[in-house]
Amino acid sequence: MKKLFLITILSAFIFSGFAQEIPRFNPDTIKTITLDSVVNIKAERLNIETFINKVVNDTSFYQSFRDMKRYSFIAENRIFSYNKKNKVDGKIYRKIKHNNAGKYKMEYLVKEESGNLYKKNGKYQLYTVEMFDYIFMNAYNTDFVPNAPAADGKGGTNESYKNKLKTLIFNPGRPVKVPFIGSKTEIFSANMRQYYDYAFTSGTYLDSIPVYRFKVSVKPDISSWTKDGIMIKELVTIFDKRNFNILGRYVDMKYGNMLFDFDVQMNIEMGYFGDDKLPTKITYQGNWDYPFKKEERASFLIVHKDYKLEKDK
């Protein structure tokens with residue numbers, strides 16, 4: 001039951017206190033944008049509801065991950081774990097060729113591991129790393145591939161946790177039934193909106209794509225007690241002005257109670273490849289703590305490159 005609970009919490013956006021931000025693995029999508037000015041909403045015929053509805057109801061962000069199955073590409077994965085003094089105590093580097101020409105194949109071009117990564121039974125020390133493998137390794141040949149065999153519910157591949165994770169990443173703002181968190185993910189509900197500020201900025205993404213940056217952040221003037229009870233501290237979404245596609249998402253979450261604490265930031269960036277929008281960078285950094293378990297501190301960086309559309313897909 002303890003392991004099941006831990007995996008549930010990690011599934012609530014892969015996820016206490018005392019977070020150590022690691023800029024090289026935690027860039028806000030805003031850092032790849034040249035900002036122009038605050039958007040004149042009336043002139044643009046936009047309003048808060050326009051952006052909120054798109055964030056909550058968008059399906060293209062998730063579809064971008066599914067579209068990877070039609071491409072061969074290279075993935076470079078770097079994972080670091082840290083001790084209580086925020087010194088690196090474990091490293092993983094993988095360079096992987098995902099070959100989708102014909103039957104899917106995965107080839108390790110480089111695989112390096114060092115430090116305190118495994119238990120005596122061969123399993124990872126940290127559930128964070130275990131969930132990384134589940135989401136970003138297993139995903140390519142199960143979750144993001146149609147007609148994949150159903151998960152058997154063992155070892156962290158439970159379908160209900162997948163669905164919770166998908167909702168938090170691809171449709172933030174919708175309710176997710178996670179123990180002890182409840183409706184805290186519903187940041188666009190009538191009750192929660194009073195605690196957030198909304199900001200619209202116009203700019204250019206990757207030097208050429210005109211975009212809107214929609215930022216939702218906790219109001220600075222609310223009481224500390226209220227602020228501590230709000231889980232999602234900031235949500236940034238990047239929209240392509242030309243078609244309103246979502247090209248980037250950044251989430252900052254922090255929450256603690258008597259049972260657990262977590263402090264996590266995650267960022268996903270997309271790029272255009274022909275007619276498709278595909279993931280190019282995923283970053284995560286965070287700490288989480290649970291009674292009677294070792295506090296976990298980890299960060300990872302995933303870079304996808306050299307996409308090649310396969311003719312038979």
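As a reminder, the structure under discussion sits directly above these lines.
Owing to the predicted nature of the structure, the values given are computational and were not obtained by experimental measurement. (Residues numbered from 1 in each chain as written. Predicted model: local features only at pLDDT ≥ 70, side-chain atom pairs only at ≥ 80, totals over all residues. Heavy atoms only, no water.)

### Side note on the pairing of strand 11 (residues 296-309)
At step 1: Relative to strand 11, strand 2 (residues 71-82) runs antiparallel, the two sharing 10 bridges. From the neighbouring strand, glutamate 76 faces strand 11, where its bridge partner is valine 303.
At step 2: Sheet topology note: the strand 10 (residues 276-289)/strand 11 ladder contains 8 bridges and is antiparallel. If you follow lysine 281 over to strand 11, its bridge partner there is valine 303. (Pairing = 2+ DSSP bridges. Helix = DSSP H or I, 4+ residues; strand = E, 2+ residues; numbered from the N terminus.)

### Looking at the pattern of salt bridges
At step 1: All told, the structure shown has 9 salt bridges when counted by the stated rule.
At step 2: Put simply, arginine 70 and aspartate 276 hold a salt bridge, and the shortest N to O gap is 2.5 Å. Of this pair, arginine 70 sits in the loop between helix 4 (60-66) and strand 2 while aspartate 276 is found in strand 10, placing the two residues 206 residues apart along the sequence.
At step 3: Taking the relative accessible area as the measure of exposure, arginine 70 reaches 21% and is therefore partly exposed.
At step 4: The class for aspartate 276 is buried, based on a relative accessible area of 11%.
At step 5: Arginine 94 is paired through a salt bridge with glutamate 113; the nearest N and O atoms lie 3.8 Å apart. Of this pair, arginine 94 sits in strand 3 (residues 88-99) while glutamate 113 sits in strand 4 (residues 105-115), and the two are 19 residues apart along the sequence.
At step 6: Judged by relative accessible area, arginine 94 falls into the buried class, the value being 2%. (Salt bridge = Lys/Arg side-chain N within 4 Å of Asp/Glu carboxyl O. Buried < 20%, exposed > 50% of the residue type's maximum accessible area, 1.4 Å probe, protein only.)

### Observations regarding the nonpolar core
At step 1: In terms of nonpolar packing, the biggest core is built from 58 residues, with Phe51, Phe188, Tyr196, Phe214, Val216, Leu235 and Phe239 touching the most fellow members.
At step 2: Residue contacts for tyrosine 196: discarding those within four places in its chain leaves Ile187, Val216, Ser217, Val218, Lys219, Ile230 and Ile232. (Core = buried A, V, L, I, M, F, W, Y, C linked by side-chain atoms within 4.5 Å. Contact = heavy atoms within 4.5 Å.)

### Here we look at the side chain of histidine 98
At step 1: Within the fold, histidine 98 resides in strand 3.
At step 2: With a relative accessible area of 1%, histidine 98 lands in the buried category.
At step 3: A polar atom in the side chain of histidine 98 sits 2.7 Å from the side chain of tyrosine 104. (Polar contact = N/O pair within 3.5 Å; in protein donor to acceptor, adjacent residues only side chain to side chain.)

### Side note on helix 3 (residues 48-57)
At step 1: Within helix 3, the full set of buried residues consists of Phe51, Ile52, Val55 and Val56. Taken around the axis of helix 3, the buried residues stretch over an arc of 125°, which confines them to a single face. (Arc of directions from axis to C-beta.)

### Details of the pairing of strand 6 (residues 209-218)
At step 1: Among the 10 residues of strand 6, 8 are classified as buried, and the element is accordingly described as predominantly covered.
At step 2: Where strand 5 (residues 196-205) meets strand 6, 10 bridges bridge the pair, whose relative direction is antiparallel. Following the sheet pairing, tyrosine 205 is matched in strand 6 by isoleucine 209.
At step 3: Turn length for the strand 5-strand 6 hairpin, with the two strands adjacent in sequence and antiparallel, is 3 residues, and the turn residue leucine 206 shows positive phi of about 55°.

### Things to note about the environment of glutamine 63
At step 1: Its place among the elements puts glutamine 63 in helix 4.
At step 2: Since its relative accessible area comes to 34%, glutamine 63 is described here as partly exposed.
At step 3: It is 8.7 Å that separates the C-alpha atoms of glutamine 63 and leucine 278, two residues lying 215 residues apart in sequence.

### Some words on the packing of aromatic side chains
At step 1: Taken as a whole and assessed by the stated rule, the structure comprises 13 aromatic pairs.
At step 2: With 5.1 Å between their ring centres and 35° between their planes, phenylalanine 73 and tyrosine 307 make a pair best called tilted. Pair noted here: phenylalanine 73 is in strand 2 and tyrosine 307 is in strand 11, with a separation of 234 residues, a long-range link. Each member of the pair, phenylalanine 73 as well as tyrosine 307, carries the same accessibility label: buried.
At step 3: On the numbers, 5.2 Å between centres and 20° between planes, the contact of phenylalanine 200 with phenylalanine 214 is stacked. Of this pair, phenylalanine 200 sits in strand 5 while phenylalanine 214 sits in strand 6, placing them 14 residues apart in sequence.
At step 4: Using a relative accessible area of 11% as the deciding quantity, one classes phenylalanine 200 as buried.
At step 5: Through a chain of ring-to-ring contacts, three or more aromatic side chains come together here, namely Phe51, Tyr198, Phe200, Tyr212, Phe214, Phe239 and Phe244.
At step 6: Sitting over the face of the ring of tyrosine 108, lysine 111 holds its NZ or CZ atom 4.7 Å from the ring centroid. (Phe/Tyr/Trp six-rings, centres within 6.5 Å; stacked < 30°, edge-to-face > 60°. Lys NZ or Arg CZ within 6 Å of the ring centre and 35° of its normal.)

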